[in-house]
Amino acid sequence: MHKAYKLSVCFSSRIHLTFLTTQSEPVLSSPVPTQENITRLILEQKSATEALQTFRWASELRNFTHNQSTYRALIHKLCNFRRFDTAQEMLDEMPSSIGSTPDEDIFITIIRGLGRARMIKQVIKVPELVFKFEKKPTLKLYNSILDVLVKEDIDIAREFYRMKMMGSGIQGDDYTYGILMKGLCLTNRIGDGFKLLQVMKTRGITPNTVIYNTLIHALCKNGKVGRARSLMRELVEPSDVTFNILISAYCGERNLVQALVMLEKSFSKGYIPDVIMVTKVVELLCNNGRASEAVEVLQRVEERGGIVDVVAYNTLINGFCRLGNVKVGCRLLKEMELKGCLPNADTYSGLISGLCDSKMLNLALDMFNEMKRVGINWNFVTYDTLIHGLCSSGRVEDGLKILELMEDDKGASAFHISPYNGIMYGLYKENRLEEALAFLRKMENSYPRAVDRSMRILGFCENGSIDEARRVYDQMVGEGVMPSALIYANLISGFCSKGCVREALELMNEMIGHGYLPVASTFNALINLLCRQGRLGKASKLMEDIIGRGCLLDYGSYSPFIDVFCSNGDFHKAFMFFLQMVEKGIVPDYHSWNKLLLCLCQQKSWLEGNNKICRLSSQLQVIIQT
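Nothing here was measured: the structure is a model prediction, and the numbers come from that model.

Thresholds applied
Residues numbered from 1 in each chain as written. Predicted model: local features only at pLDDT ≥ 70, side-chain atom pairs only at ≥ 80, totals over all residues. Heavy atoms only, no water. Helix = DSSP H or I, 4+ residues; strand = E, 2+ residues; numbered from the N terminus. Rg over C-alpha atoms; globule rule 2.2 N^0.38 Å. Buried < 20%, exposed > 50% of the residue type's maximum accessible area, 1.4 Å probe, protein only. Contact = heavy atoms within 4.5 Å. Expected span 1.5 Å × (residues − 1). pLDDT = per-residue confidence, 0-100. Salt bridge = Lys/Arg side-chain N within 4 Å of Asp/Glu carboxyl O. Axes fitted to C-alpha atoms, helices over the stretch in contact; angles between N-to-C directions. Parallel < 35°, antiparallel > 145°, perpendicular 65-115°, else oblique. Left-handed = near helix turned anticlockwise from the far one by under 90°. Phe/Tyr/Trp six-rings, centres within 6.5 Å; stacked < 30°, edge-to-face > 60°. Lys NZ or Arg CZ within 6 Å of the ring centre and 35° of its normal.

Colleague: Tell me what's going on with the overall build of the protein chain, and back it up with residues and numbers.
Modeller: Along the protein chain, the regular secondary structure elements total 38 helices and zero strands. The C-alpha radius of gyration computed for the protein chain amounts to 37 Å, which surpasses the reference 25 Å derived for 626 residues by more than 25%, pointing to a less compact arrangement than a globule. Each of the three principal axes of the protein chain carries a C-alpha extent, and together these read 125 × 65 × 55 Å. For the protein chain, the proportion of its 626 residues judged to be buried stands at 47%. Expressed as a percentage of contacts within the protein chain between residues at least 6 apart in sequence, the contacts between residues at least 24 apart total 60%.

See the structure below:
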């Protein structure tokens, strides 16, 4: 007893000290805590037991009486810890303790507590508990139960509405129907949602905007944006949420025209779309090459007092950079700073990417160093972007220096292989294949699995076991490891040597998709294979595609065409490819000259026509001089 008494005294002293330290007024002027003080004190306790002890301690204070508020706070804490039996005891105690039965808010507190505990059967029985205290459940209480049931099971909620609510003569209000509509739409029962809408109208209840918005959102989520747009016309006064839903849906469908129409209607109604919707519109405009219009959208939002955050600006900057207008992106950086919108690492990473794509590598390095000056930490994306940009433009040594910085910055390395692949890509582009292989071996300690898979693939390719190499490649990709350009190049050459065009083309597309443009020796193998198979149209289309992507050709890219056309006796087409090669500044090799001249000697029609001979002779003379 002595020990229990000491514990009780210590607890009472601690609670009293807590009370003293939480008073906003001097202690002497308010010696007795108010119900508000005790309510707050109960809610601050870390367990149900402490909350109950605090409640009992307050009960013993002279001149203090509990009220509905303090009981509600205690019951809330008890429900949080699933002490529902104790909560029931508190309810039973209230009439004798404070002279009144529990109020509606206390019952709603119990409903929510039972809901969090997913005790659905007990939730449904709460109206019986209310009747026990000779009270009649209100619509607010029924709606609270319905809200809990909808989150658990819409069918149970609908049954409760029909049997318990309507059975008690309660028809429900906007909030009731809004809860039911939310449940139906969350379970994609859109047809039932429209039926509910019709029921409301039949009963003379005008559905509010929230109910319409719920149904409109469900339609959009299911790809029925046109139907959602039609439903919007039933709204007397659409809200800003209505427009946000439809703008987002049209952006998701890449329907720029309709997204802009909704944006204009939103502005005309005096609404300002939230920043997430604005950013989506900006992104869609930029993706459609209309970045200047995206600037206007942001300006209009700002003029109307809307928020334009750093994500919106980053989207706009990235849009200009992708369009090759990196100088505009740099200007936007200054503008957003002047407007008080501070850039972040993603802002600079986007600009560095744009500068690298525009071959403005020194400016990209300046931007990288500027980040440090203004106190923005380099992150993994920053390092990776700059390394890839430097290496893809032939500045591997600079890329290695940035890689060293990244390795020293432990917080940014993220243990991702991409920057290392960027270095190997640079070495591959410069045909420094031995160095690329040596660099791969150095990575073994950091990326043992990736290096092991890569070395096995290279070994299988060298031995001509291309099927085994592909099996390891698939395993590597399945493990989430991105292969390097070196791996792609060897696999493509391996499949070409086996005459497997489809597999080689697929790998080349994957390679380009990862940002690795193949060098001439890689795609020449595929062009040569297509020409040998007589698929000259496919080979020509491939050449056009790789030229459009910025790949550099060499004489080996044209030689297969010249060989095939000369072998077929089609000197004219062979000569056209020969001229294309020379026009691009590529010096023909001996083999191409020899094939072309041998083919010419066999062309009687060319040899017999003096004018043609003269023209050909002059063209060949120009080529030789070049």
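There's plenty left to go through after this.
Colleague: How would you sum up helix 6 (residues 104–116)? Please name residues and give values.
Modeller: Spanning 13 residues, helix 6 covers 19 Å between terminal C-alpha atoms, matching the ideal 18 Å at 1.5 Å per step. What helix 6 keeps buried is the set Ile106, Phe107, Ile108, Thr109, Ile110, Ile111, Gly113, Leu114 and Gly115. At the exit of helix 6 stands Arg118, carrying a positive phi of roughly 60 degrees.

Colleague: Kindly report on helix 35 (residues 571–583), identifying the contributing residues and their values.
Modeller: With 13 residues, helix 35 ought to run about 18 Å at 1.5 Å a step, and its terminal C-alpha atoms sit 18 Å apart, in line with that. Among the residues making up helix 35, those that are buried are Phe571, Ala574, Phe575, Phe577, Phe578, Leu579, Met581 and Val582. Once helix 35 ends, the next one or two residues include Gly585, with phi positive near 80 degrees.

Colleague: So, the confidence of the model for the protein chain: which residues are in play, and what are the values?
Modeller: Detailed reading of the predicted model is not advised wherever pLDDT is low. Confidence along the protein chain averages 87 in pLDDT terms, with 90% of residues attaining 70 or more. In this model, residues 1–17 is a region of pLDDT below 50 whose contacts with residues beyond four sequence positions or in other chains number 10 contacts.

Colleague: Please give an account of the pattern of salt bridges that cites residues and values.
Modeller: The full count for this structure, using the stated rule, is 28 salt bridges. Residue Arg118 pairs with Glu152 through a salt bridge whose shortest N-O separation is 2.8 Å. Taken together, the residues Arg118 in the loop between helix 6 and helix 7 (120–124) and Glu152 in helix 9 (residues 139–152) connect sequence positions 34 residues apart. On the basis of relative accessibility, which here comes to 56%, the residue Arg118 falls in the exposed class.

Colleague: Report on the packing of helix 9 against helix 11 (residues 174–186), specifying residues and quantitative values.
Modeller: Look at helix 9 against helix 11: their axes get within 9 Å of each other, and the N-to-C directions meet at 5 degrees. In terms of their interaxial angle, helix 9 and helix 11 are classed as roughly parallel. Side by side, helix 9 and helix 11 meet where Leu139, Asn143, Leu146, Asp147, Val150 and Lys151 of the first sit next to Tyr175, Thr176, Ile179, Leu180, Lys182 and Gly183 of the second.

Colleague: Explain the side chain of Ser454 to me, and be specific about the residues and the numbers.
Modeller: In this structure, Ser454 sits in helix 28 (residues 448–462). The buried category is assigned to Ser454, whose relative accessible area is 4%.

Colleague: Let's hear about the packing of helix 11 against helix 12 (residues 190–202): which residues, and what values?
Modeller: Following both chains from N to C, one finds helix 11 and helix 12 inclined at 165 degrees, their axes separated by 9 Å at the closest point. In terms of their interaxial angle, helix 11 and helix 12 are classed as roughly antiparallel. Note on packing geometry: the crossing formed by helix 11 with helix 12 is right-handed. Side by side, helix 11 and helix 12 meet where Asp174, Tyr177, Leu180, Met181 and Leu184 of the first sit next to Asp192, Gly193, Leu196, Leu197 and Met200 of the second.

Colleague: Lay out the packing of aromatic side chains with the relevant residues and their values.
Modeller: Geometrically, a pair of aromatic rings is defined through the distance of the ring centres and the angle of the planes. Throughout the structure, instances matching the rule amount to 16 aromatic pairs. Ring pairing ties together the aromatic residues Phe368, Trp378 and Tyr383, which thus form one cluster. The ring of Phe267 has Arg304 lying over it, and the distance from NZ or CZ to the ring centre is 4.6 Å.

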